[in-house]
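Single-letter residue listing:
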Amino acid sequence: MDYFDDQHKEPEKPKRTNWLLPAILGGIIGAGIVLLVAYGLDRESLSPNNQTQSQQGEPQLASDGAQNGNLQNVSVDVQSGITDIVDQTAPAVVGVVNLQQGDALFSQEESAAGSGSGVIYKKEGDKAYVVTNHHVVEGATEVDVILHNGVEVSAKLLGSDIFTDLAVLEMDASRVESVIEIGTSSSVKTGEPVIAIGDPLGFSGSVTQGIISGVNRTVPQDLNGDGRADWQADVMQTDAAINPGNSGGALINMAGQLIGINSMKIAESSVEGIGFAIPVDSAVPVMEQLERNGQMERPYLGVEAYSLNEIPASERTGHLGLPDDIENGVYIWGIEPLSPAEEAGLQELDVITELDGKPIEDMTSLRKHLYEDKKIGDKMQVTYYRDGEENQATVTLIEQQ
């Protein structure tokens, strides 16, 4: 029996390595590490710096239940000094529509021939008064005013002046919400911040901001379209954007006061950021006269004259008999009967070189002296040449009838 047992006993199996326990422990440790890393990343994602980066990247979507309690809605207050000024002044800036009669052969209806801006500067009784530019309402048979809230009201053109490029309108005051506060332009400084409000290209109540680029600028103007300057406009320069339709709008300081009437812009592709406004100090007397009289009351000399520098030198010395050194002045082409010029003894082809001792270079400087330095009833000393000889005369200026 013993032999049988020894011969038939099964071979002994090799011992199995016990790997199960290490595997379980490794899994537990690995899971712990993953949880720790995930926890650290989650804390990092909640840091302020990482929130900023997340906001700048892809939008993050989350359900209401997944929102973290630390996240809050942010409210930004955009109210500023500029918005306060605009809120205060914008209702006093209006659109102005120039209506003109259509072709009599085809239509009797009026249509818009152009548009610009205006500023409500006074409210008196049941009437309100708007200042705008002369060129905005030039040739108009009717004028409409578009208020800040979009309401369109008919207005009456009280008066207009080509030299100052100003006009005054009268309208019903019942719908007027606000009147602009008039400031002063005499204390304006270069670099001072300003705001321009108007209706450029029909965009009502458009606001631009800039600075005063220069004061006491002189800009030549061709009033009759002959390619020659007829007047020198005294204006303020600003880099606040002024585009077609801004004409007649308001230039406002940081106190919310009107300091200028936007008038024109240099329209050249090579020029940018150069706009001009009529100083309010020079505009107010014109506005008052146009409101009161319908026109400007200016001294009248009574001559038809032309700039001397427009004719050849040979004509100056030959036909007019001037000395060779006389190159500037104005020559008289015609004299009105019973005018101050005729009463003082001036004649055709006399050449005026000085007024009150101030050199007169051309017709522009003659008008500037006459319209800005003199008043109706004033006496004016005229220095002139006749047949090569210098003479003087004194004229008493009167109002043109």
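Within every chain, residues take consecutive numbers counted from 1 along the sequence as written. Reporting of local features is limited, given that this is a predicted model, to residues whose pLDDT is at least 70; pairs of side-chain atoms are given and counted only at 80 or more, and all residues count toward the totals for whole chains, interfaces and linings. The side-chain values count all of the structure's non-hydrogen atoms but skip hydrogen atoms and water molecules.

Quick look at the layout of surface pockets
The gaps left among the atoms become clear once a water-sized probe is rolled over them. Using the following cut-off: Using protein atoms alone on a 1 Å grid, points that fit a 1.4 Å probe yet trap it form a cavity, whereas open point sets bounded by protein on both sides within 12 Å along at least five of seven lines form a pocket; residues with an atom within 4 Å of a point count as lining. Grid points are joined across faces, edges and corners, and a volume is the space filled by probe spheres set on the points. Polarity classes work like this: nonpolar for Ala, Val, Leu, Ile, Met, Phe, Trp, Tyr, Cys and Pro, charged for Asp, Glu, Lys and Arg, and polar for all others, with Gly in that last group.
Of the pockets and cavities examined, the largest pocket occupies roughly 870 Å³. Lining the largest pocket we find 34 residues, and of these Phe163, Val303, Met363, Arg367 and Tyr371 sit closest to its centre. Each residue belonging to the lining of the largest pocket can be placed in one class, and the counts come to 14 nonpolar, eight polar and 12 charged.

A look at unusual backbone geometry
What counts, and what does not: Numbering of helices and strands runs from the N terminus; a helix is a DSSP stretch of H or I covering at least four residues, while a strand is a stretch of E covering at least two.
For Asp165, which is not a glycine, the phi torsion comes out positive at approximately 60°. Here Asp165 lies in the loop between strand S5 (152-161) and strand S6 (166-172). With a phi angle near 55°, Asp356 is a residue other than glycine that sits in the positive phi range. With respect to the helices and strands, Asp356 occurs in the loop between strand S17 (351-355) and strand S18 (358-359).

Comments concerning helix H6 (residues 280-293)
Counted only if it meets this: For a helix, the expected span equals 1.5 Å multiplied by the number of residues minus one.
End to end, H6 covers 20 Å across 14 residues, agreeing with the expected 20 Å (1.5 Å per residue, within 8%). Immediately downstream of H6, the backbone of Gly294 shows phi near 80°, a positive value.

Quick notes on the pairing of strand S16 (residues 330-335)
The condition is simple: Paired strands, as defined in this entry, are two strands with at least two bridges between them according to DSSP.
By the bridge criterion, five bridges tie strand S15 (residues 303-307) to S16 in an arrangement that is antiparallel. Note that in S16 the partner of Ser307 across the bridge is Val330. Across two bridges, the pairing between S16 and S17 is antiparallel. Within S17, the position partnered with Val330 by the bridge is Ile352.

Digging into empty space enclosed by the protein
Tallied over the entire structure, the rule returns one cavity of 30 Å³ or more. Within this model, the largest cavity holds a volume of roughly 50 Å³. Around the largest cavity sit Pro91, Ile120, Leu147, His148, Asn149, Arg175, Val176 and Glu177, which together line it. Per-class residue counts for the lining of the largest cavity are four nonpolar, two polar and two charged.

Quick word on the packing of aromatic side chains
Rule in force here: Only Phe, Tyr and Trp rings are paired, with Trp represented by its six-membered ring, and only when their centres lie within 6.5 Å; those with planes under 30 degrees apart are stacked, over 60 edge-to-face, the remainder tilted. Relative accessible area decides the class of each residue, using a 1.4 Å probe on protein chains only: under 20% of the type maximum gives buried, over 50% gives exposed, and in between gives partly exposed. Criterion for a charge above a ring: Lys NZ or Arg CZ within 6 Å of the ring centre, and within 35 degrees of the ring normal.
Applying the stated criterion to the full structure yields five aromatic pairs. Summarising the aromatic geometry, the rings of Tyr121 and Tyr129 are spaced 6.5 Å apart at their centres and angled 40° between planes, so their arrangement reads as tilted. Across this residue pair, the class does not change: Tyr121 and Tyr129 are buried. Members of the aromatic cluster, joined through ring pairs, are Phe163, Trp231 and Tyr371. Looking at Lys122, its charged tip hangs above the ring of Tyr129, at a distance of 5.0 Å from the centre.

What about the confidence of the model for the protein chain?
We count it as follows: The predictor rates its confidence in each residue with pLDDT, a number between 0 and 100.
Averaged over every residue, the pLDDT of the protein chain is 82; residues scoring 70 or more account for 76%. Within the protein chain, no element has a lower average pLDDT than helix H1 (residues 2-8), which sits at 41, and none a higher one than strand S3 (residues 127-132), at 98.

Looking at a nonpolar patch on the surface
Quick reminder of the rule: Patch rule: a residue counts if its relative accessible area is over 30% and it has no salt bridge; like charges are joined within 9 Å, and nonpolar side chains (Val, Leu, Ile, Met, Phe, Trp, Tyr) within 5 Å. Each accessible area is a Shrake-Rupley estimate made with a 1.4 Å probe; only the visible protein chains count as cover when residues are assessed. The rule for a salt bridge is simple: a side-chain nitrogen of Lys or Arg has to be within 4 Å of a carboxyl oxygen of Asp or Glu.
A cluster of nonpolar side chains, namely Tyr306, Trp333 and Leu349, defines an oily patch on the protein surface of about 290 Å² accessible area. Considering the arrangement of structural elements, one finds Tyr306 in strand S15. Since its relative accessible area comes to 31%, Tyr306 is described here as partly exposed.

What to know about the environment of Leu251
Counted only if it meets this: For this analysis, residues touch if any pair of their heavy atoms sits within 4.5 Å.
The topology assignment puts Leu251 in strand S11 (residues 250-252). Taking the C-alpha atoms as reference points, Leu251 and Pro279, separated by 28 residues in sequence, lie 9.2 Å from one another. If sequence neighbours within four positions are ignored, Leu251 has contacts with Val194, Ile195, Ala196, Ile212, Met236, Thr238, Gln257, Leu258, Ile259, Gly260, Asn262 and Ala277.

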